[in-house]
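# Results of the structural survey
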Amino acid sequence: MSYLCRLILIVSMFAYPLSTYADLSILPKKKANTISTEIVNSNELLENVVKGLFKSSQLLCNVPEWKLKTSLDHDVSLIKDAVRAYGYYSLSSKREVVRENNCWKVKVEIIDGPRTHIAGVDVKITGEASNDKAFNKYINGEMLSKGDPLLHKDYEKLKNSMLSIASKRGYLDAVFDKKELKIDKDNHSAFITLHFDSKKRYRIGEIIIEQEALVPDLFSKFVDISSGEYYDDKQLVSTYQNLSESGYYSSVDVTPLLDKKNNHQVPVLIKVTKSKPKKYSVGIGASTDIGPRFKASYTNKLSNTKGHSHRSTLSLSPVISSISSAYKIPVEKAQTDFYEFSTSATHENTDTSTSDSFNVGASQSYLLENEWSRLFFLQYSIDDFDVGEDSDTTALLRPGIGFSKTQSNSLLRPTKGYRFNVELTAASAQLLSDVSFIQAQLNTKYIHSVGKDARLLGRLDLGYTEISSFDELPSNLRFFAGGDNSLRGYDYESLGPKDDAGDVIGGKGLVVTSLEVDYSILNNWAGALFVDAGNAFNDTDIDVKVSGGFGVRWNSPVGPIRVDIGFPIDDPGAEDTWRLHFSLGPDL
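We now turn to the structure provided with this report. (Residues numbered from 1 in each chain as written. Predicted model: local features only at pLDDT ≥ 70, side-chain atom pairs only at ≥ 80, totals over all residues. Heavy atoms only, no water.)

With mixed pairing, the three strands of this open sheet are ordered in space as β7-β9-β8. Looking at the sheet topology across the chains shown, the edges are occupied by β7 (203–210) and β8 (249–256). The average angle at which neighbouring strand axes cross in this sheet is 15°, direction not considered. Bridge analysis of β7 against strand β9 (residues 265–274) gives six bridges, and the strand direction is parallel. Bridge pairing in β9 places E210 opposite K271. Taken strand by strand, helix α7 (residues 233–245) contacts β8 and β9, and its axis lies near 170° from that of β8. (Pairing = 2+ DSSP bridges. Helix = DSSP H or I, 4+ residues; strand = E, 2+ residues; numbered from the N terminus. Axes fitted to C-alpha atoms, helices over the stretch in contact; angles between N-to-C directions. Contact = heavy atoms within 4.5 Å.)

Right, let's get into the layout of surface pockets. Here the second largest pocket defines a volume of roughly 610 Å³. In terms of lining residues, the second largest pocket is bounded by 28 residues, among which S494, L495, G496, K498 and V504 are the most central. If one sorts the elements of the lining of the second largest pocket by residue count, strand β22 (residues 525–537) sits on top with three residues. Its residues assigned to classes, the lining of the second largest pocket comprises nine nonpolar, eight polar and 11 charged. (1 Å grid on protein atoms, 1.4 Å probe; cavity = no way out; pocket = protein on both sides within 12 Å on 5 of 7 lines; lining within 4 Å. Points joined across faces, edges and corners; volume = space filled by probe spheres on them. Nonpolar A, V, L, I, M, F, W, Y, C, P; charged D, E, K, R; others polar.)

Another aspect to go through is the side chain of D461. By the secondary structure assignment, D461 is in strand β20 (residues 454–467). Taking the relative accessible area as the measure of exposure, D461 reaches 11% and is therefore buried. In terms of polar contacts, D461 uses its side chain to reach the side chain of N443, at 3.0 Å. Discounting chain neighbours no more than four positions away, the residues touching D461 are L442, N443, T444, N485, L510, V511 and V512. (Buried < 20%, exposed > 50% of the residue type's maximum accessible area, 1.4 Å probe, protein only. Polar contact = N/O pair within 3.5 Å; in protein donor to acceptor, adjacent residues only side chain to side chain.)

Time to look at a nonpolar patch on the surface. Among the surface-exposed residues, Y519, I521, L522, W525, L529, F550, V552, W554, V563, F567, W578 and L580 lie close enough to one another that they form a single nonpolar patch of about 1,200 Å² accessible area. Elements supplying a minimum of two residues to the nonpolar patch: β21 (509–522), β22, β23 (545–556) and β24 (559–569). Of note, F567 is situated in strand β24. Judged by relative accessible area, F567 falls into the partly exposed class, the value being 32%. (Patch = residues over 30% accessible without salt bridge, like charges linked within 9 Å, V, L, I, M, F, W, Y side chains within 5 Å. Areas by Shrake-Rupley, 256 points an atom, 1.4 Å probe, with all protein chains shown as cover. Salt bridge = Lys/Arg side-chain N within 4 Å of Asp/Glu carboxyl O.)

Here we come to empty space enclosed by the protein. Across all of its chains, the model carries two cavities of 30 Å³ or more by this definition. For the largest cavity, the calculated volume is near 50 Å³. Listing elements by their share of the lining of the largest cavity, those giving two or more residues are β23 and β24. Considered class by class, the residues forming the lining of the largest cavity number four nonpolar, one polar and six charged. Taken as a whole, the second largest cavity encloses approximately 30 Å³ of empty space. Considering the residues around the second largest cavity, the lining is formed by I118, L144, P149, L150, L151, D154, Y155 and I192. Considered class by class, the residues forming the lining of the second largest cavity number seven nonpolar, no polar and one charged.

Turning to the state of the cysteines, a few remarks are in order. Under the criterion given, the structure shown has one disulfide. Shown here is the disulfide that connects C61 with C103, its sulfur atoms set 1.9 Å apart. Measuring handedness by torsion sign, the sulfur bridge of C61 and C103 sits at about -75° and is left-handed. Of this pair, C61 sits in the loop between α2 (47–53) and α3 (65–83) while C103 sits in strand β3 (residues 103–111), and the two are 42 residues apart along the sequence. Of the two residues, C61 and C103, neither departs from the other in class, the shared state being buried. (Disulfide = S-S within 2.5 Å.)

Have a look at this one:
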């Protein structure tokens, strides 16, 4: 046979199959018709598996009958293998193949058959993990139980979970002595056997520390592991988090040196890189309460190897301007436990009062075991104020205590969380103060999801001052209502008790509550409806004001931005029939 004839023969052998499948055709012709297929499957669990593996539907009408049946056999075989992972070992099928109008018409019925269920689970743990509570859920059958439908992925998940827990808790030589999934096809049952030998648990060996920023005594307070303790991945993670959140380091590496483990001990390397301590920042912002704001700050996160830090801030706005400086000394963990010494000067000019304040103070912050933050403080202040017909200069020495706690499942848009703050402070005319009083405040906010896209937000602000000579109380310690974070629809601090001239002078007490619903309308946008109520008051005489309105929320790259339009409700004396409110910051 000539070379040309052989070439023609080879080409002809491959030309026909290439045109058999629609998606493999390389000829520049119009798209050919594919066969008509109908798949009957009553099991929704297997629907995606069946559709994904049934490739015969792509065959063209001119496919030979033998090739069509071969393709159908192949698809059904793949489906049978795949559905075993879901516990179906008795799958069968029926098919009808007819030729109509020069094309094939195929109907395939998938019959899943009885599903295999777990008839027995034998999990045994030997070695030191047999007394480890972390493995109780495996021994007690909480992961897989008799009577459960068989899913291969659950069986694999159980094995991987046991190995993962063992690795995290220091059982670094753990092995399965026996792992078996036995199927009884006749009785549609499965038996699982997992015999796990954890061997001996490792301990933390030598801790190698590479750092220069802090003195060893302070650095050790960020480290939650000790040589000789049982190895536990949680302590390694918490050590990493403590160091990363300290602000002292630009990079943190906490690595167990598994390749150097010996005598059931694992050395750990802690390597950190010191961050640039000094930071300068300048920014602008705005809100309807205080108007446009300019802010500049200087921060030195690491003034010395003892972890001391310093912060100075200048803030300018039409309503509140201040300059402040604070020096922080860590006690236990720098981000939560510290002493702070501060000084500040503030000028405030609202529609109801004007004041100039100078403050010096000291405080101690400490994170309690129940995740509550406790604050002790002592502050000395001199306040020169004008509010209504009251004008005075008052010196106060105020000790106080506060507790706070915030929990949230998200920083940008939490669907569940709360914030709680309570503070008690006092002054005595017998101790470097011009007036005696006791003041208590409580501020709380709660967020909860409603369905998939809506949230319910509730807020409550309470306060009361016990004082005999109210006219001597500085305006910044009196209670007012109104504004972005109070009663929307009213101007900032425009509500409260009035004097004989009709000027708002603030009150001894405060009750303000708010209820809001917002609903996601786009990825980062939400609409909101709200109602606010309350007021500042003296004694028990309170003139409750109510406002309501609507707004828009945007989770911007710089944080949540809120724009609201509030309307005073049933208040003919209100200066405005509506008011625009703009604010920036997290919900909690």
